[in-house]
Structures are given as C-alpha cells and as structure tokens.
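Descriptive structure summary
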Amino acid sequence: MSPPLPVLYSFRRCPYAMRARLAIAASGQPCELREVVLRNKPAEMLQASPKGTVPVLVDTYGSIVDQSLDIMQWALRRNDPAQWLCPERETADAMFALIAENDGAFKRHLDRYKYPDRYEGIDAMAEREGGATWLRGLDARLRAHPWLFGSRPCLADMAIAPFVRQFAHTDAAWFAEQDWPALQAWLARILDSDAFAHVMQKWTPWASGTEGIAFPG
Ligand SMILES: N[C@@H](CCC(=O)N[C@@H](CS)C(=O)NCC(=O)O)C(=O)O
C-alpha cells in the first residue's frame, strides 16, 4: 500500500483553491486532491476545518492548513524550484503586502461588481471602478517589468492572477477595451500556460470512502 499523502480539499473554480493548486503544482509536492461540491461539503473536510471554506490541506501528520496563502507557503517551503518565495525585485514583505491588497480591498470590489444582487445598495459600476483603480496600479508595475516583482514570476503573480481572471471574465469585452496592455498580456500569459491548464482540469467530485486524484500527478 502506498504511504498516505497530504489531502487537498479543493474546488476547481474557486480562486483561492486555484492559487493553492498552482503552488502545489510548482512545488511538485504530491497530494491527494479531493474535489468538493460547495453545497455538499464532505464531513471529513468540515471535521478538519469547521469554517467550511476551500481550500483545506490536511498534512500527513494531521495538521490542518486552511488558508490558501498558507497552503501556497506550505508547499513552496518544501520545494520552491522557481523561487516564488524570493521575489527578484523588492522584498518578500512587499510581495505579501500586494497580496493583502488583492485579498482585501480588491476582492471586496470584485465580489460587489460580480455579484451586485448579493449586496444591499451596491453600485456595481462604482465597484468596477474601485477594482479598476487597483488594476491600473498593477498595469503600471507590469509596464516596468513582465511580472509583478521582476523578470520572473513569484508568489504574488500566482496568488493574485486568479482574482484578476474573475474580474476580467465578469465583462470580458469591457476588460479587453481597457488601456492595460501589460496587465492583459500578463493575465493571458498565465491563463494560457500549461501550468494553469494543469490546475484547471475537470475533476469528478470526491466521494467519502474513495481515493481522490493524484495531484499534481
Ligand atoms: N481566506 C480563505 C477564503 C477561502 C474562500 O472563501 N473560499 C470560498 C470559495 S471561493 C468558499 O469556500 N466559500 C464557502 C462556500 O461557498 O460555502 C482562503 O484564503 O483560503
């Protein structure tokens, strides 16, 4: 019998789960991926992490990592061949600060722009503009160098791109019209990559008592 692997509870379309899978794939750390249906979360996942969000990583020693950014670091601290944790320019602190802006104010605008019906008294266009202001800043960064922190990708690129993707897909025609050539090229480079295609395969939802999928495979 093969030794147990860390288990990743994941949902294909969740941007937080996407970034966790991107980092796990980059690290090459073998895991058992269990695709979750959000309206019917497995009891095993809720037992490990009662807050009920994906992704959740259950390490072979039973320790639980249930924040996507922590899962990225968990994987990359084991193996980081592309040096995502060491940005070429600026500092790791600057990288985490940019990710915090993404996860905070930008994500807030994104949710309200994408799902205005879920919030009371929301002006979706004002929310789009709020997000656009932040994206203009990313475009300015990317006009200076092809990745957010230099000439090669790092953690920030992969932690942020799944959210920019959601924003872009909310109204793809509008996004394409914006004068953000560097940001649009950056996003296309990531979304068109083999690595992204690999983490976006369609998986059958996991059923209790069965084996999940070998990931990254
Ligand atoms: N801070 C968490 C957020 C994760 C999160 O909110 N995931 C969403 C899916 S994109 C979720 O699981 N929501 C629970 C639900 O929809 O029931 C992380 O970084 O992992």
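Quick notes on the rules
Residues numbered from 1 in each chain as written. Predicted model: local features only at pLDDT ≥ 70, side-chain atom pairs only at ≥ 80, totals over all residues. Heavy atoms only, no water. Helix = DSSP H or I, 4+ residues; strand = E, 2+ residues; numbered from the N terminus. Rg over C-alpha atoms; globule rule 2.2 N^0.38 Å. Buried < 20%, exposed > 50% of the residue type's maximum accessible area, 1.4 Å probe, protein only. Areas by Shrake-Rupley, 256 points an atom, 1.4 Å probe, with all protein chains shown as cover. Near = heavy atom within 4 Å. Polar contact = N/O pair within 3.5 Å; in protein donor to acceptor, adjacent residues only side chain to side chain. Nonpolar A, V, L, I, M, F, W, Y, C, P; charged D, E, K, R; others polar. Pairing = 2+ DSSP bridges. Right-handed = clockwise from strand over helix to strand, strands pointing away. Domains from an automatic or database assignment. Contact = heavy atoms within 4.5 Å. Buried area = accessible area lost by both parts, 1.4 Å probe. Axes fitted to C-alpha atoms, helices over the stretch in contact; angles between N-to-C directions.

Attention now moves to the overall build of the protein chain. For the protein chain, the count of helices and strands is nine helices and five strands. Scanning the protein chain from its N terminus toward the C terminus, one meets helices and strands in the order β-α-β-α-β-β-α-α-α-α-α-α-α-β. Computed over C-alpha atoms, the radius of gyration of the protein chain comes to 18 Å, within 12% of the 17 Å expected from 2.2 N^0.38 for 217 residues, which places it in the range of a compact globule. Along the first, second and third principal axes, the C-alpha atoms of the protein chain reach 55 × 40 × 30 Å. Taken over 217 residues, the protein chain has a buried fraction of 49%. In the form shown here, the protein chain has an accessible surface area of approximately 10600 Å², with 52% of it arising from carbon and sulfur atoms.

It is worth spelling out the site of the ligand at this point. In the vicinity of the ligand, the residues found are Cys14, Pro15, Tyr16, Leu38, Lys41, Gly52, Thr53, Val54, Pro55, Gln67 and Ser68. In this structure, valine 54 approaches the ligand through a main-chain N or O atom, which is 2.9 Å from an oxygen atom. Between the ligand and serine 68, the relevant distance is 2.6 Å, taken from an oxygen atom to a side-chain nitrogen or oxygen of the residue. Protein contact buries 69% of the 510 Å² of open area that the ligand shows by itself. Class assignment for the residues of the shell around the ligand results in six nonpolar, four polar and one charged.

Most of strand E2 (residues 31–35) sits out of view: five of its five residues are buried. A two-sided burial pattern is seen for E2, the buried positions comprising Cys31, Leu33 and Glu35 on one face and Glu32 and Arg34 on the other. Across four bridges, strand E1 (residues 7–10) lies against E2 in parallel orientation. If you follow serine 10 over to E2, its bridge partner there is glutamate 35. At this point the chain moves from E1, through helix H1 (residues 15–27), to the parallel E2, and the crossover so formed is right-handed. With three bridges joining them, E2 and strand E5 (residues 213–215) adopt antiparallel strand pairing. Its bridge partner being in E5, glutamate 32 is matched across the sheet by alanine 214.

To continue, consider the domain arrangement of the protein chain. According to the domain assignment, the protein chain consists of domain 1 (7–81 + 200–215) and domain 2 (92–196). Look at where the C-alpha atoms of domain 1 and domain 2 centre, and you get two points 23 Å apart. Contact with domain 1, which involves 11 residues of that partner, is made by 14 residues of domain 2. Taking both sides of the interface into account, the surface hidden between domain 1 and domain 2 amounts to around 1200 Å²; carbon and sulfur atoms contribute 74%. Sorting the residues of domain 1 by area buried against domain 2 places Pro15, Arg19 and Leu22 first, and these three jointly supply 43% of that buried surface.

The next thing to look at is helix H3 (residues 68–78). Buried residues dominate H3, accounting for eight of its 11 residues. Of the residues making up H3, those classed as buried are Ser68, Leu69, Ile71, Met72, Gln73, Trp74, Ala75 and Leu76.

With that out of the way, let us pick up the sheet that holds E5. Pairing is mixed across the open sheet formed by five strands, whose spatial order is E4-E3-E1-E2-E5. Of all the strands in the sheet, just strand E4 (64–65) and E5 have a single pairing partner and so form its edges. Contacts between H1 and the sheet are confined to E1, E2 and E5, with E1 contributing the most and set at about 150 degrees to the helix.

Neither face of E1 is open: one carries Val7 and Tyr9, the other Leu8 and Ser10, and all of them are buried. Looking at chain direction, E1 and strand E3 (residues 56–58) are connected through three bridges and run antiparallel. Across the sheet, valine 7 pairs through a bridge with valine 58, a residue of E3.

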